[in-house]
Amino acid sequence: MHFTCCFHHPNIPVSESTAKKQAMESGEPSKKSSFQLQNQPPPRPFSIKSIIFVASIAAGIQFGWALQLSLLTPYVQLLGIPHKWASLIWLCGPISGMLVQPIVGYHSDRCTSRFGRRRPFIAAGAVLVATAVVLIGFAADLGYLFGDNLATETKPRAIVVFVIGFWILDVANNMLQGPCRALLADISGNSQKKTRTANAFFSFFMAVGNVLGFAAGSYTHLHNIFPFTTTKACDVYCANLKSCFFFSILLLLTLTTIALTNVHEKPWSPEPGNAGNLGGGEIDDEEAAAAETAPVPFFGEIFGALKDLKRPMWILLAVTCLNWIAWFPFLLFDTDWMGREVYGGDSQGNILVLKLYNNGVHAGALGLMLNSVVLGFTSLGVELLARGVGGVNRLWGIVNFLLAVCLAMTVLVTKLAESSRRFITVDGVTVPLPPPAGVKAGALSLFAVLGVPLAITYSIPFAMASIFSSSSGAGQGLSLGVLNLAIVIPQILVSLGSGPFDAIFGGGNLPAFVLGAIAAAASGTFALTLLPSLPPDVPAAKTVTAGFH
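Residues numbered from 1 in each chain as written. Predicted model: local features only at pLDDT ≥ 70, side-chain atom pairs only at ≥ 80, totals over all residues. Heavy atoms only, no water.

J.: Can you walk me through the overall build of the protein in this structure?
T.: Looking only at helices and strands, one finds 20 helices and 4 strands in the protein. Contacts in the protein between residues far apart in sequence, at least 24 positions, make up 81% of those at least 6 positions apart. (Helix = DSSP H or I, 4+ residues; strand = E, 2+ residues; numbered from the N terminus. Contact = heavy atoms within 4.5 Å.)

Structural data, given as structure tokens:
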């Protein structure tokens, strides 16, 4: 006997035959939500070791992201990319996330490869990342090979190679993350605890990747390990970037190989009566006919998925969207805030002011390292924290208020830095001195404390989306792709609007941070008052699909 769970009454099982009977009596045809798969493989329990193997891929992914954040901006300037183009290049991440993750998620839900549904996409994504990293690292060399003049500031051929590699890298990273999280949900079965634990491990390994990436980016002698990286077109900084990326490729391919070798998926087939049947029971003629119908094209499927979403998933998307509107101003401009507002430097000033700004940026990098350490430890304690406060939705709400307080505190730290700032005159030019130790400590403390809400942001929303989609029969890949829309759309809005918004209030980063604090408070309020609690774990043998409708 199969049972379905409705979100309005999560604790009351309704038999599938009764639901069909009611539908027939009401004259409405029995139909599947476009968010559902007709046949999904039965949940199969995997060990924690298997979950850790898959989650560890996040360390390889995040290693590359951390290198992008810490090293690629100066590299862009080395190639001579105009500033107005640089912002368009960085928009690749959210744009590819908006398109690639739902598309890959959709097709990974329906992949019939003998290697499984998710593993082919994860393997392809890892290979693409390696290819993209080689293109980026050797952009200057390839540009010179194709005819760039080293004496000119702008190197157009190197820029073309770099942009191609950069876009491939962002597409490949998004191609990796979606199937990785979907595979974690698959191998967690119907256990909500395992699903939450799997996403917590993913968050933990993201922190590990961050720490490794920031540490590698801050070490300036890695190029000595690979002497061939220093060439006529590639100086020491460029060679160091190449060396970091070599380690990034090695780490990602090693972790991916270990995971895909040790974790095997059962091949999935949409044909009725096969091993992909949800509960192992028989499929009636109506269901068999539905399974054999032509699939809806992807965009029709995803629009149908959005149309079929009910209140719990919409609230999850709204809370996630507000949460990321709060996060992105800080994630984009945190080191700039340290260099400009806290240290009083300026990226466009004289050499002394520029040096002060760079010192602030390096202090911000240290703050990001502290943030990643706290993120890692908090990720391991998410389950304990959730039990302590009475549920994951409460935990998410509470840490959103913590995020709001931290973002608001940036105003206080800035005002303290300004009020305590001292100046000296060097060669007739008045320049500020670095801030007092207390101001530095306060700023670094904010970075560290923000690791707590960031750990929750990296784990709980994805776990809730996986649990909601499991209860509804939705494909994990498409469900997580839809959730990703609530992340990348705010990122695009913040990337395009933060500059003009800050300019309205006289420039600086504080206006965007204050807006983020307001968004975080709204996200916390919705999480505490509107976001439904998760339904209790249901035994796998009695779980079957029910749409969001």
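J.: Quick question: what am I supposed to make of the environment of Lys-232 here?
T.: Relative to the helices and strands, Lys-232 is located in the loop between α9 (192-218) and α10 (236-262). Separated by 88 residues in the primary sequence, Lys-232 and Tyr-144 place their C-alpha atoms 8.8 Å from one another. In this structure, Lys-232 is in contact with Tyr-144 and Leu-150, ignoring residues within four places of it in sequence.

J.: Looking at this structure, I do not really get the environment of Arg-118. What am I missing?
T.: Looking at the secondary structure, you find Arg-118 in the loop between α5 (92-109) and α6 (119-137). Here Arg-118 falls in the buried class, since its relative accessible area comes to 0%. C-alpha separation for the pair Arg-118 and Pro-179, spaced 61 residues apart in sequence, amounts to 5.4 Å. Filtering out sequence-adjacent residues up to four positions away, Arg-118 remains in contact with Gly-105, Ser-108, Asp-109, Pro-179, Ala-182, Leu-183, Asp-186, Glu-265, Gln-476 and Gly-477. (Buried < 20%, exposed > 50% of the residue type's maximum accessible area, 1.4 Å probe, protein only.)

J.: Looking at this model, I keep getting lost on the confidence of the model for the protein. Mind explaining?
T.: On average, residues of the protein carry a pLDDT of 77, and 74% of them reach 70 or more. The low-confidence segment residues 37-43 (pLDDT under 50) makes 37 contacts with residues lying over four places distant or belonging to another chain. (pLDDT = per-residue confidence, 0-100.)

J.: For this particular structure, what's the right way to read the nonpolar core?
T.: One broad trend across soluble globular proteins is that nonpolar side chains are buried collectively. Formed by 122 residues in total, the largest nonpolar core has its most connected members in Tyr-75, Phe-162, Leu-316, Trp-337, Met-338, Trp-396 and Met-464. The two domains that each donate at least three residues to this core are domain 1 (44-266) and domain 2 (309-532). Filtering out sequence-adjacent residues up to four positions away, Met-338 remains in contact with Tyr-343, Gly-360, Ala-363, Gly-364, Ala-443, Leu-444 and Phe-447. Residues Val-100, Val-104, Cys-111 and Met-175 belong to the second largest nonpolar core, which totals 5 residues. (Core = buried A, V, L, I, M, F, W, Y, C linked by side-chain atoms within 4.5 Å. Domains from an automatic or database assignment.)

J.: What should I look at first to understand empty space enclosed by the protein in this one?
T.: Following the criterion strictly, the structure yields 2 cavities of 30 Å³ or more and no others. Of the volumes computed, that of the second largest cavity is approximately 40 Å³. Taken together, Gly-60, Ile-61, Gly-64, Val-129, Val-133, Leu-169, Asn-173, Phe-245, Ser-248 and Leu-252 make up the full set of residues lining the second largest cavity. Of all the elements in the fold, those that place two or more residues in the lining of the second largest cavity are α3 (57-79), α6, α8 (156-187) and α10. (1 Å grid on protein atoms, 1.4 Å probe; cavity = no way out; pocket = protein on both sides within 12 Å on 5 of 7 lines; lining within 4 Å. Points joined across faces, edges and corners; volume = space filled by probe spheres on them.)

J.: When you look at the pairing of strand β4 (residues 429-432) in this model, what are you seeing that I'm missing?
T.: Consecutive residues of a regular strand have side chains that alternate between opposite faces of the sheet. Bridge count between strand β3 (residues 423-426) and β4: 4 bridges; the pairing is antiparallel. Bridge assignment links Val-426 to a residue of β4, and that residue is Val-429. (Pairing = 2+ DSSP bridges.)

J.: When you look at the packing of helix α16 (residues 392-419) against helix α17 (residues 437-449) in this model, what are you seeing that I'm missing?
T.: How two helices pack is summed up by the angle between their axes together with the distance between the axes. Viewed as axis vectors pointing N to C, α16 and α17 meet at an angle of 165°, and their least axial separation amounts to 10 Å. One way to sum up the angle between α16 and α17 is to call them roughly antiparallel. In this structure, α16 meets α17 at a crossing whose hand is left-handed. Between α16 and α17, the residues in contact are Leu-402, Cys-406, Met-409, Thr-410, Val-413, Leu-416 and Ala-417 and Val-439, Gly-442, Ala-443, Leu-446 and Val-449, respectively. (Axes fitted to C-alpha atoms, helices over the stretch in contact; angles between N-to-C directions. Parallel < 35°, antiparallel > 145°, perpendicular 65-115°, else oblique. Left-handed = near helix turned anticlockwise from the far one by under 90°.)

J.: Looking at this model, I keep getting lost on the side chain of Asp-109. Mind explaining?
T.: Along the chain, Asp-109 turns up in helix α5. For Asp-109, the side chain forms a polar contact with the side chain of Arg-118, separated by 2.8 Å. (Polar contact = N/O pair within 3.5 Å; in protein donor to acceptor, adjacent residues only side chain to side chain.)

J.: Which parts of the structure should I look at to understand helix α13 (residues 311-342)?
T.: Side chains that are three or four residues apart share a direction in an α-helix, a result of its 3.6 residues per turn. Here α13 is 32 residues long and its end C-alpha atoms lie 43 Å apart, about the 46 Å a rise of 1.5 Å per residue gives. At Phe-333, α13 shows its largest bend, some 60°. One or two positions beyond α13, positive phi appears at Gly-344, with a value near 80°. (Expected span 1.5 Å × (residues − 1). Bend = angle between axes of the 7 residues up to and from the residue.)

J.: Sorry, what's going on with the packing of aromatic side chains here?
T.: Think of a pair of aromatic rings as described by two things: how far the centres are apart, and how the planes are tilted against each other in angle. Applying the stated criterion across every chain, the model contains 11 aromatic pairs. Considering the side-chain rings of Phe-162 and Phe-166, the 5.7 Å spacing of their centres and the 25° angle between planes classify their relative orientation as stacked. With Phe-162 and Phe-166 both in helix α8 and 4 residues apart, this pair spans about one turn of that helix. Taken individually, Phe-162 and Phe-166 each receive the classification buried, so the pair is uniform in this respect. Consider the rings of Phe-330 and Trp-337, whose centres lie 6.5 Å apart with planes at 55°: the pair is tilted. (Phe/Tyr/Trp six-rings, centres within 6.5 Å; stacked < 30°, edge-to-face > 60°.)

J.: Help me out: how do you make sense of the pattern of salt bridges in this one?
T.: Pairing between side chains of opposite charge can happen when the charged atoms of each approach one another. Counted under the stated rule, the structure contains 9 salt bridges. Residue Arg-196 is joined to Glu-383 by a salt bridge in which the shortest nitrogen-to-oxygen separation is 2.8 Å. Placement of the pair is Arg-196 in helix α9 and Glu-383 in helix α15 (residues 382-389), with a sequence separation of 187 residues. Accessibility assignment for this pair places Arg-196 and Glu-383 in one class, buried. Close ionic contact of Arg-340 with Asp-336 constitutes a salt bridge, the shortest N to O distance being 3.1 Å. With a gap of 4 residues between them, Arg-340 and Asp-336 both fall in helix α13, about one helical turn apart. Given a relative accessible area of 28%, Arg-340 falls into the partly exposed group. Salt bridges sharing common partners tie together Asp-109, Arg-117, Arg-118 and Asp-186. (Salt bridge = Lys/Arg side-chain N within 4 Å of Asp/Glu carboxyl O.)

J.: What exactly am I supposed to notice about a nonpolar patch on the surface here?
T.: A surface patch of nonpolar side chains, about 330 Å² in accessible area, is lined by Val-405, Met-409, Leu-412 and Leu-416. With a relative accessible area of 34%, Met-409 lands in the partly exposed category. (Patch = residues over 30% accessible without salt bridge, like charges linked within 9 Å, V, L, I, M, F, W, Y side chains within 5 Å. Areas by Shrake-Rupley, 256 points an atom, 1.4 Å probe, with all protein chains shown as cover.)

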